[in-house]
Amino acid sequence: MSLNFNPSLMRFIRNLLIIILVAKAISLVMLWYFQVEGVNHHPNPSKTPKYQKYNANNFIKPTQKPDIRQATEPTSQEAQELASYGPNISNMVLKGLFRRKDGGMVIIALKSRPNESDVIGIDDVFQGYTLKKVLKNGALFMKNSQTYSLYFSEDKQEERYVSRPSAQNQPEEDEGGIKQVSKNDILSYAKNPKQIWKDIGIVEVKKKGKILGFKVTRIKANTPFARLGLRKNDLIIKANNKTLTSYKDAINIYKGIDKLEALELVVIRNNKETEINYEIY
Amino acid sequence: MKKIVFFLLYSLLFIAALLFFTPKENLYYFAEEQLKPLGVVIGYEDAIDHGFTLEISHAKLYVQKIKSANIGTIDIAIFGVYNAVDIHNIVLDKTFEQFFPPLIERMEIHQHLFTPLEINALAVGDFGEARATVNLADRNGTVVLTPSKLMNKRYRNTLRQLKKTKEGTYRYVFKF
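Because the structure is a prediction, the values reported are computed rather than measured.

## A word on the overall build of chain A
- The number of helices and strands found in chain A is eight helices and 15 strands.
- With 281 residues in all, chain A has 21% of them scored as buried.
- In chain A, once contacts between residues fewer than 6 apart in sequence are set aside, the share between residues at least 24 apart is 49%.

## As for helix α2 (residues 24-35) of chain B
- Its 12 residues give α2(B) an end-to-end C-alpha distance of 17 Å, which sits within 8% of 16 Å, the value for a rise of 1.5 Å per residue.
- Buried within α2(B) are the following residues: B:Lys24, B:Asn26, B:Tyr28 and B:Glu32.
- Residues of α2(B) that are buried make contact with α1 (7-33) of chain A together with β1 (40-43), β2 (46-49), β3 (54-63) and β4 (66-78) of chain B.

## Regarding the sheet that holds strand β7 (residues 146-151) of chain A
All names here are of chain A.
- In space, the four strands of this open sheet follow the order β4-β5-β6-β7, with antiparallel pairing throughout. Two strands in the sheet have a free side with no partner beyond their single neighbour: β4 (125-126) and β7.
- As paired strands, strand β5 (residues 129-134) and strand β6 (residues 138-143) are joined by four bridges and run antiparallel to one another. Each bridged residue has a counterpart across the sheet, and for Val134 the counterpart in β6 is Ala139.

## Some thoughts on the nonpolar core
- A:Leu94, A:Val106, A:Ala139, A:Phe141 and A:Leu150 are the most contacted members of the largest nonpolar core, which has 21 residues in total.
- If one sorts the elements of this core by residue count, strand β1 (residues 92-100) of chain A sits on top with five residues.
- Residues in contact with A:Leu150, not counting those within four places in the same chain, are A:Asn88, A:Ile89, A:Met92, A:Leu94, A:Gly138, A:Ala139 and A:Phe141.
- Counting 20 residues, the second-largest nonpolar core is a separate cluster that includes B:Leu54, B:Leu92, B:Ile104 and B:Leu145.

## Observations regarding the packing of α1(A) against helix α1 (residues 2-21) of chain B
- At their nearest, the axes of α1(A) and α1(B) sit 8 Å apart, and the two run at 35° to each other. Every pair of crossing elements has a handedness; the one defined by α1(A) and α1(B) is right-handed. Note on element contacts: α1(B) touches α1(A) through B:Tyr10, B:Leu13, B:Phe14, B:Ala17, B:Leu18 and B:Phe21, opposite A:Asn15, A:Leu16, A:Ile19, A:Ile20, A:Ala23, A:Lys24, A:Ile26 and A:Ser27.

## Comments concerning the interface of chain B and chain A
- Every contact between the two is made by 26 residues of chain B and, on the other side, 25 residues of chain A.
- Here the side of chain B that touches chain A is composed, by residue class, of 15 nonpolar, seven polar and four charged.

## Quick word on the pairing of strand β9 (residues 140-147) of chain B
Residue and element names in this part refer to chain B.
- Inspection of the sheet shows strand β8 (residues 128-135) paired to β9 by eight bridges, in the antiparallel sense. Bridge pairing in β9 places Thr133 opposite Thr142.
- Counting the residues in the hairpin turn of β8 and β9 gives four residues, including Arg139, whose phi is positive at 55°.

## Quick look at unusual backbone geometry
- Positive phi outside glycine occurs at A:Asp123, with the angle close to 75°.
- Among the structural elements, A:Asp123 can be located in the loop between β3 (113-121) and β4.
- With 10 C-beta atoms packed within 10 Å, A:Asp123 lands in the exposed category.
- Despite not being glycine, B:Arg139 shows a phi value in the positive range, around 55°.
- In this structure, B:Arg139 sits in the loop between β8 and β9.

## Details of the pairing of β3(A)
Residue and element names in this part refer to chain A.
- The pairing of strand β2 (residues 103-110) with β3 spans five bridges and is antiparallel. Along β3, the bridge assignment pairs Leu110 with Arg113.
- From the end of β2 to the start of β3, which pair antiparallel, there are two residues.

## A word on the confidence of the model for chain B
- On average, residues of chain B carry a pLDDT of 90, and 100% of them reach 70 or more.
- Here the predicted complex carries an ipTM of 0.74, next to a pTM of 0.54.

## Describing the confidence of the model for chain A
Residue and element names in this part refer to chain A.
- Mean pLDDT over chain A stands at 72; residues scoring 70 or higher make up 70%.
- Here helix α4 (residues 157-163) stands out as the element of chain A with the lowest mean pLDDT, 40, in contrast to α1, whose mean of 89 is the highest.
- Under a pLDDT of 50 for its full length, residues 57-74 has, in the predicted model, 24 contacts with residues more than four places off or in other chains.
- Here residues 155-170 is modelled with pLDDT under 50, and outside its nearest four sequence neighbours on either side it reaches 31 contacts, counting other chains as well.

## Brief notes about the environment of A:Lys132
Residues and elements named next belong to chain A.
- When you line up the elements, Lys132 lands in strand β5.
- Taking C-alpha positions, Lys132 is 9.8 Å from Tyr148, a pair spaced 16 residues apart along the chain.
- In this structure, Lys132 is in contact with Ile122, Leu140, Phe141 and Met142, ignoring residues within four places of it in sequence.

## Re the environment of A:Arg269
Residues and elements named next belong to chain A.
- Among the structural elements, Arg269 can be located in strand β14 (residues 262-269).
- Once the C-alpha coordinates of Arg269 and Lys232 are considered, the two residues, 37 residues apart in sequence, prove to be 9.2 Å apart.
- Beyond its immediate stretch of four places on either side in the chain, Arg269 contacts Arg231, Asp234 and Thr274.

## Description of the environment of B:Ser57
Residue and element names in this part refer to chain B.
- Tracing the backbone through its elements, the reader meets Ser57 in strand β3.
- Ser57 sits in the partly exposed class, given 15 other C-beta atoms within 10 Å.
- The spacing of Ser57 and Asn70 is 13 residues in sequence and 9.7 Å in space, taken between C-alpha atoms.
- When near neighbours in sequence (up to four residues on either side) are disregarded, Ser57 contacts Glu45, Asp46, Gly72 and Thr73.

The rules behind the values
Residues numbered from 1 in each chain as written. Chains lettered and ligands numbered in written order. Predicted model: local features only at pLDDT ≥ 70, side-chain atom pairs only at ≥ 80, totals over all residues. Helix = DSSP H or I, 4+ residues; strand = E, 2+ residues; numbered from the N terminus. Buried ≥ 20, exposed ≤ 12 C-beta atoms within 10 Å, placed from the backbone. Contact = placed C-beta atoms within 7 Å. Expected span 1.5 Å × (residues − 1). Pairing = 2+ DSSP bridges. Core = buried A, V, L, I, M, F, W, Y, C linked by C-beta atoms within 7 Å. Axes fitted to C-alpha atoms, helices over the stretch in contact; angles between N-to-C directions. Left-handed = near helix turned anticlockwise from the far one by under 90°. Nonpolar A, V, L, I, M, F, W, Y, C, P; charged D, E, K, R; others polar. pLDDT = per-residue confidence, 0-100.

So this is what it looks like as structure tokens:
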């Protein structure tokens with residue numbers, strides 16, 4: 001019995017097999033050459049104990065925490081005085097303010113969306129209204145050359161005193177050289193980090209590809225950052241005894257900032273290492 | 001003529017066989033190694049070779065050791081004449097949710113033979129829609145973002161970093 005195959009078909013199958021073999025051989029060479037395992041992230045568990053700042057003064061004298069409720073209540077006379085500046089903005093609610101002689105900022109929200117508050121400084125615009133002045137119990141805005149006022153409504157009294165920063169605008173410094181910072185200030189930044197970048201400009205400083213620290217390039221006047229004692233061109237190299245050598249280190253501090261009770265910053269200022277200590281109350 | 005047809009046919013079969021047998025998983029890990037010095041790590045993923053394509057699932061993205069996103073699936077198709085990477089369900093880490101809406105539903109990155117030095121990308125998510133073009137020859141890129149209502153409402157500060165166009169979209173130009 002003889003088998004007859006189509007010679008063209010046989011040739012095609014033979015060539016196909018050769019092609020497959022060559023392709024497989026090349027893939028094996030590639031497999032040998034690219035003999036690598038997947039890259040994984042291996043976090044190094046921190047062995048550093050929780051940062052705690054001990055101050056001998058605290059053992060002798062308990063920290064005097066300023067009572068933020070000591071702020072003066074607005075009187076109807078003051079409300080009338082504010083209203084005299086211009087019509088009141090009816091669709092907004094003033095949730096808090098923070099005032100200095102030369103500026104300040106307000107926490108503001110739309111009445112329709114009271115939970116979505118925004119923090120705005122002088123000359124910032126909210127819903128078309130430009131903040132021009134922060135007063136004792138309210139704020140003045142400009143829109144289309146017309147002055148508008150916004151003040152605390154009676155039913156928002158409680159909220160006002162909760163969100164209002166300390167009556168003292170400067171962070172208090174006790175005898176141990178530790179500045180006291182309101183937790184509300186910290187929390188307002190933790191909840192609204194967008195505000196951080198409005199108030200401060202920070203860039204990393206690298207040497208030979210390694211981060212040496214984070215440099216303050218810009219700091220807005222009359223903001224909590226300015227009052228913290230940070231200055232333009234300060235190079236922040238350590239926070240709570242942790243050397244800042246990566247964005248991860250900075251982010252870790254940011255992530256846990258609402259739980260901190262003390263903060264120690266080491267900055268290089270005018271080529272000198274300076275330590276700034278804060279107690280968060 | 002017959003010889004040319006056979007030559008083309010054999011060439012196509014060779015390319016198809018090569019694509020099929022290529023150790024895509026290893027090539028992917030090799031690409032991952034190249035990203036590592038840039039501080040980009042894709043970890044904890046499952047890689048499945050589907051013959052002509054590679055599927056990566058349940059990946060976590062780390063940038064500069066910071067956990068940045070969870071990625072649902074990445075489909076990688078490298079055909080030479082047409083190359084595509086389709087990414088689905090990118091959820092940004094909580095750290096970034098104050099700056100950007102966390103969910104990116106899909107991102108499609110394409111490159112083809114006719115414009116080999118140009119990579120196009122489209123991303124759709126809670127932030128709206130973004131189209132990007134990267135020119136490898138000029139080493140520059142452009143992103144045009146059409147923001148969603150959510151983006152316009154809650155992430156105005158992020159949008160302020162971009163240049164607004166007359167059409168209401170936002171443009172970001174970068175060089176590398």
